[in-house]
Amino acid sequence: MILAALLGKLLTKVKMPAILGWLIAGMILGPHAVNLLPQKVLDASWYGVIQILMSVGMGLMLGTELVWSRIKSYGEALMITTLTQSLGTFAAVSAVFAIVFRITGIPMWLGLAFGGIALATAPAPALSITREFHTHGPVTDTLLPMAVLDDVVGVVVFFTVNSFIARQTSSGSIPLYMIPVMIFLPIAIGLIPGFIAGFLLKRISGRAATLTVIMAMVCLTSLLGWLFNTHLMSGIDLNYMLMGVSFSTVFSNMIGEKKLDQLIVWYDPILAVCLLGSIVNLGAPLDYHLILGAGVYTVIYIGARAFGKYFGARFGATVTHMPETVRKYLGLTLLPHSGVSLVFTGIICTTLAAAPELSRVVQGTIAAAAVINEIIAVIVARKGFELAGEIPADAGGSGAAKAERHGTAKG
């Protein structure tokens, strides 16, 4: 993580986002390069616990944006735009691959697998950019809550598609009735720690006490999620970040805005560590050799997904009369993808176990796309915020300074 932070700092000197350095560092340190983070470490239970804590801790940044008084003015527009960009991406990628597979002799229904993988957005890269450059404006205000809703839509569509594909290959799959469970159970798990945190935060003051409560409830949320995932719901991987979002949304709506803004300032260094660790973990399993071996399917996938995200977001923002900057540039900030895509790919490949030749098509395409798209997407997302005018001229300051400005701007 120290090496990744240094590489990120180096890239900021050439006007590139630090997250790109973190991602590249993860790839270099991972099992496909110098192997300082070997596969046995990535698979170790203690490493998994660290990633659980970081995922819940990262979800806190999203949850603190879901304050009802702040989002009610564009709630309907947010919902519609989330659906148009998510389902638009699913439709675009599925249709393109159905046509391509029709030509190449591969079953057309496999195109749905690519559409189901493509629609979700990985929130960590965009969140890192908003924090690093202290972005502020309509695009940022729309993106942060949309990242939560996008995950929900992604889970519903993907597992519906996965169940359909399982029926085509006669393999086992998660039954359809479990899809609502996978969405609402993580939210329910975060409610109890959220109410406890809100109750305590209203009665205490001071940095040390506030952070003690927050970290204790992050640990409690992580523990409850781990218990459900490992003992009560084995075989189904509940979303830890969604638990963190639920937990922080509850207490954020229980305490006053002034206290919430101060909490965000104090929490910023912890959030920085969570984001850094999550991005390094995102890059570690990526094989840079796949860039050289990327084929036509990979290029088609990256292009079709970018088309669906950009024009889906633009259409939704236009019909709901959202600000012009949101219409033009929101889609650019939605391109980061790799963490979600690799998880979904693993599930699809398990479903396609009875058809290994189709599994190889999915795995090879998405693995190469994860490497190439993530590097491009981080640069494009940063450019999107810049074009929207949401990166202030003094955005290169320290993390603490930027957190202070963030609190002032929101207040």
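Coordinates for the structure precede this section.
J.: Sorry if this is basic, but what is going on with the nonpolar core here?
T.: Within soluble globular proteins, side chains that are nonpolar tend to cluster in buried spots. Among the nonpolar cores identified, the biggest contains 82 residues, and Leu 62, Leu 201, Ile 214, Phe 251, Tyr 267 and Leu 330 are the most heavily contacted of them. If you tally residues by element for this core, the top one is helix α13 (residues 257-283), at twelve residues. Not counting chain neighbours up to four residues away, the residues in contact with Leu 62 comprise Pro 123, Leu 127, Leu 144, Ala 147, Val 148, Met 241 and Val 245. In this structure, Phe 97, Val 157, Ile 183 and Ile 372 belong to the second largest nonpolar core, which totals 35 residues.

J.: What should I look at first to understand the packing of aromatic side chains in this one?
T.: Going through the model one piece at a time under the given rule, you end up with eleven aromatic pairs. Ring centres of Phe 101 and Phe 114 lie 5.7 Å apart, and the angle between their planes is 55°; this geometry places the pair in the tilted category. With Phe 101 in helix α6 (residues 75-104) and Phe 114 in helix α7 (residues 110-118), this residue pair connects regions lying 13 residues apart in the sequence. For the residue pair Phe 101 and Phe 114, the accessibility class agrees, reading buried in each case. Through successive ring pairs, a cluster of aromatic residues spans Phe 97, Phe 101, Phe 114, Tyr 297 and Tyr 301. The ring of Phe 133 has Arg 382 lying over it, and the distance from NZ or CZ to the ring centre is 4.7 Å.

J.: It is not clear to me how the packing of helix α14 (residues 296-319) against helix α17 (residues 356-387) should be interpreted in this structure. Could you clarify?
T.: Between two packed helices, both the angle of their axes relative to each other and the distance between the axes serve to describe the pair. α17 packs onto α14 with a crossing angle of 60° between their chain directions and a minimal axis gap of 8 Å. By the criterion of interaxial angle, the relationship of α14 to α17 is oblique. Judged by the twist between their axes, the crossing of α14 over α17 is right-handed. Residues Tyr 297, Thr 298, Tyr 301, Ile 302 and Arg 305 of α14 form the contact with α17, whose participating residues are Val 361, Gly 364, Thr 365, Ile 366, Ala 368, Ala 369, Ile 372 and Asn 373. Along the lines of polarity and charge, the residues of the contact of α14 with α17 split into eight nonpolar, four polar and one charged.

Scoring rules and cut-offs
Residues numbered from 1 in each chain as written. Predicted model: local features only at pLDDT ≥ 70, side-chain atom pairs only at ≥ 80, totals over all residues. Heavy atoms only, no water. Core = buried A, V, L, I, M, F, W, Y, C linked by side-chain atoms within 4.5 Å. Buried < 20%, exposed > 50% of the residue type's maximum accessible area, 1.4 Å probe, protein only. Helix = DSSP H or I, 4+ residues; strand = E, 2+ residues; numbered from the N terminus. Contact = heavy atoms within 4.5 Å. Phe/Tyr/Trp six-rings, centres within 6.5 Å; stacked < 30°, edge-to-face > 60°. Lys NZ or Arg CZ within 6 Å of the ring centre and 35° of its normal. Axes fitted to C-alpha atoms, helices over the stretch in contact; angles between N-to-C directions. Parallel < 35°, antiparallel > 145°, perpendicular 65-115°, else oblique. Left-handed = near helix turned anticlockwise from the far one by under 90°. Nonpolar A, V, L, I, M, F, W, Y, C, P; charged D, E, K, R; others polar.

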